[in-house]
Amino acid sequence: MYQTATRQFEGPLELLVDLIDKKKLSISEISLAEIADQYLDYLKKLENFPTKEVSYFLIVASTLVLVKSRSLMPSLEISEEEKEEIDDLEKRLKIYQKFQNISEGLEKIFGNNIIFSRETLPKMPTKTSNIVFVIPRDLSVFNMNKALSDLLNIFCFQKTILPEKIIERTITLEQKIEDLTRRLQEKMSLCFSEINKKQKQSRMDIIVSFLALLELTKRKAIRTNQNEIFGEIHITQT
Amino acid sequence: MNISNHIEALLFLSGKPLSIKEICKILDKKEREINEAILDLEKELNGRGIRLLKADANIMLGTAPESDEYCKSLIKEELDRNLGRAGLETLAIIIYKNEGGGVSRNDIDRIRGVNSAFTLGNLAIRGLVDRKINPKDKRSFVYKPSVRLFQFLGITKKEDLPEFEKFSEQIKCEKLFTIQ
């Protein structure tokens, strides 16, 4: 059976280069056909499939299946596009392998002969000094308390204040209907302008009053009469 | 005093990377003159305890990489050398693909065949790469090697990297961006 890869591979190119390297092959269509099964095998055995990268792995898998089929059936005709796909994969692998080689070289020299600058100096503690936690001068229970309440205020501000304002302004339609019915019981008839005269009414109040008027008319609880456009609306009990 | 002496003074005082543009402005000289003076300064400092670092368009004075051992014993540095495969690959691409304009995340993703956003973020936090807005597409960024990266690699310019010319020539020949 195939050797199971123990390393976790971040992407499909990394996995392919590793498989080809293990067989000591160079990158070509032939070597891709040879490792296609192992590639698919790796994907099948993967328990924690990296869901984010899944599409990268699958696109490459489909190309590998194509390569493998072509190696088994040389008579298989493939389209121009498919040929390009295979060539692309080969090319990308070669480029990726090159950068991998370079990165191995970088790893060898990274941090070995550091060039220090004056800027690096003050940030780093010297050998002779001990790292201590210095309590800031203005640290007190009062300041901590204030900092915490300031912080809480920032978070609570929007949550509490905003809805309060909305509640203040809202007059429900039900309240208006009740109000209107009550008034009509006291008086036999009313004018629409009278309803809104009493207190300082907002535009929203007037709209709600009008809606209440419409609703009561619909329920046949009141009778309304308007003689001209924009004229006074007279309301009487039915 | 000549221009290179003045540049040396500025770099010593600043203690951190200065861009060539900044130096041109301060000394009121053309970029060509400044670049020549920088080459002179680089030659003068060769064989001394202080070296001139040049990463992209930024220059800085640093200690000679050969003094690394002694400098390390003066500075107690927590050296986290481990960059991981992904980090090293990404750095390799940023160094070798950069022809002055930086390398976009798109290019890095395409070469590595995976999303490199996380790796790039880590490298940026460690100060090993510089991030700039992509002049060709303002919605994205390009990445360049930082002076700090060169400090950790112990090189004063990218040409100091082993087989730099050979590799970058090969990379150019591969016609990287004909893909897709």
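All figures in this text were calculated on a predicted structure; none of them were measured in a lab.

**Here's the deal with the overall build of chain A**
In terms of helices and strands, chain A carries nine helices and three strands. Along chain A, helices (α) and strands (β) appear in the sequence α-α-α-α-α-α-α-β-α-α-β-β when read from the amino end. Within the span of chain A, comprising 238 residues, buried residues form 31% of the whole. Pairs at least 24 apart in sequence give 54% of the contacts found in chain A among residues at least 6 apart.

**Examining the overall build of chain B**
The helix and strand tally for chain B stands at nine helices and six strands. Counting all 180 residues of chain B, 46% fall into the buried class. When contacts within chain B are restricted to residue pairs at least 6 apart in sequence, those whose partners lie at least 24 apart make up 55%. Of the roughly 9700 Å² that chain B leaves accessible, carbon and sulfur atoms contribute 51%.

**Notes on the interface of chain B and chain A**
Listed as interface residues are 61 residues of chain B and, on the opposing side, 38 residues of chain A. Where chain B abuts chain A, roughly 4700 Å² becomes buried across the two surfaces, and 63% of that area is made up of carbon and sulfur atoms. One can count two salt bridges joining chain B with chain A. One salt bridge connects A:Glu14 with B:Arg85, and the closest N-O pair in it is separated by 3.1 Å. Of the residues forming the side of chain B that touches chain A, the biggest block, 10 residues, is contributed by helix H5 (residues 84-97) of chain B. Within the side of chain B that touches chain A, the residues separate by chemical class into 34 nonpolar, 13 polar and 14 charged.

**Description of the packing of aromatic side chains**
Evaluation of the coordinates by the stated rule reveals five aromatic pairs over all chains. Both rings, one in A:Phe9 and one in A:Tyr42, keep their centres 5.3 Å apart while their planes meet at 80°; by these two values the pair is edge-to-face. With A:Phe9 in the segment before helix H1 (12-22) and A:Tyr42 in helix H2 (residues 29-45), this residue pair connects regions lying 33 residues apart in the sequence. Judged by its relative accessible area of 2%, A:Phe9 falls in the buried class. One aromatic cluster in this structure is built from B:Tyr96, B:Phe164 and B:Phe167. Just above the ring of B:Phe141 sits the side chain of B:Arg131; from NZ or CZ to the centre is 3.8 Å. Over the face of the ring belonging to B:Phe167 we find B:Lys166, whose NZ or CZ atom lies 5.3 Å from the ring centre.

**Digging into a negative patch on the surface**
Residue and element names in this part refer to chain A. Side chains of Glu80, Glu81, Glu84 and Glu85 sit close together on the surface and give a patch of like negative charge. Here Glu81 is to be found in helix H4 (residues 80-109). Residue classification places Glu81 among the exposed positions, given a relative accessible area of 62%.

**Quick word on helix H3 (residues 31-45) of chain B**
Residue and element names in this part refer to chain B. The end-to-end C-alpha distance of H3 is 21 Å, a good match for the 21 Å that 15 residues give at a rise of 1.5 Å each. Burial in H3 covers these residues: Ile34, Ala37, Ile38, Leu41, Glu42 and Leu45. Along H3, the residues classed as buried sweep out an arc of 145° about the axis, all on the same side. Set apart from the buried face of H3 by more than 90 degrees, the exposed residues are Arg32, Leu39 and Lys43. On its buried side, H3 packs onto helix H1 (3-14), helix H2 (20-27), strand S2 (50-55) and strand S3 (58-63). Where H3 terminates, the next one or two residues include Gly47, which has phi positive at roughly 85°.

**Some thoughts on the nonpolar core**
Judged by nonpolar contacts, the single largest core of 39 residues is most densely connected at A:Phe99, A:Leu106 and B:Tyr96. Counting only elements with at least two residues in this core, the list comes to H4 of chain A together with S2, H5, helix H6 (105-112), helix H7 (117-125), helix H8 (147-153) and helix H9 (164-173) of chain B. Beyond its immediate stretch of four places on either side in the chain, B:Tyr96 contacts A:Phe99, A:Ile102, B:Leu161, B:Pro162, B:Phe164, B:Phe167, B:Ser168 and B:Ile171. Membership of the second largest hydrophobic core comes to 27 residues, among which are A:Phe9, A:Val17, A:Val67 and A:Tyr96.

**A few points about the packing of H1(B) against H2(B)**
Residue and element names in this part refer to chain B. The geometry of H1 relative to H2 is characterised by a closest axis approach of 11 Å and an angle of 115° between their N-to-C directions. Considering only the axes of H1 and H2, their crossing is right-handed. Across the interface between the two elements, Ile3, His6, Ile7 and Leu10 of H1 pack against Ile23, Ile26 and Leu27 of H2. The residue inventory of the contact of H1 with H2, partitioned by class, reads six nonpolar, one polar and no charged.

**Some remarks on H2(B)**
Residues and elements named next belong to chain B. Residues of H2 that are buried include every one of Ile20, Ile23 and Cys24, and no others. Down the axis of H2, the buried side of the element spans an arc of 105°, and every buried residue falls inside it. Every exposed residue of H2 that faces more than 90 degrees away from the buried side is listed here: Lys21, Lys25 and Ile26. Residues of H2 that are buried in the fold lie against H1, strand S1 (18-19), H3, S2 and S3. Positive backbone phi, approximately 50°, marks Asp28, located one or two places after H2.

**Details of the pairing of strand S2 (residues 222-226) of chain A**
All names here are of chain A. Two elements, S2 and strand S3 (residues 233-237), share five bridges in a ladder whose sense is antiparallel. Looking at the pairing, Thr224 lines up with Ile235 of S3. With antiparallel pairing between neighbouring strands as the criterion, S2 and S3 make up a hairpin whose turn holds six residues, including Phe230 at a positive phi of roughly 65°.

Each value, and the rule that gives it
- Residues numbered from 1 in each chain as written.
- Chains lettered and ligands numbered in written order.
- Predicted model: local features only at pLDDT ≥ 70, side-chain atom pairs only at ≥ 80, totals over all residues.
- Heavy atoms only, no water.
- Helix = DSSP H or I, 4+ residues; strand = E, 2+ residues; numbered from the N terminus.
- Buried < 20%, exposed > 50% of the residue type's maximum accessible area, 1.4 Å probe, protein only.
- Contact = heavy atoms within 4.5 Å.
- Areas by Shrake-Rupley, 256 points an atom, 1.4 Å probe, with all protein chains shown as cover.
- Buried area = accessible area lost by both parts, 1.4 Å probe.
- Salt bridge = Lys/Arg side-chain N within 4 Å of Asp/Glu carboxyl O.
- Nonpolar A, V, L, I, M, F, W, Y, C, P; charged D, E, K, R; others polar.
- Phe/Tyr/Trp six-rings, centres within 6.5 Å; stacked < 30°, edge-to-face > 60°.
- Lys NZ or Arg CZ within 6 Å of the ring centre and 35° of its normal.
- Patch = residues over 30% accessible without salt bridge, like charges linked within 9 Å, V, L, I, M, F, W, Y side chains within 5 Å.
- Lys, Arg positive; Asp, Glu negative; His and termini not counted.
- Charge placed at Lys NZ, Arg CZ, Asp CG, Glu CD.
- Expected span 1.5 Å × (residues − 1).
- Arc of directions from axis to C-beta.
- Core = buried A, V, L, I, M, F, W, Y, C linked by side-chain atoms within 4.5 Å.
- Axes fitted to C-alpha atoms, helices over the stretch in contact; angles between N-to-C directions.
- Left-handed = near helix turned anticlockwise from the far one by under 90°.
- Pairing = 2+ DSSP bridges.

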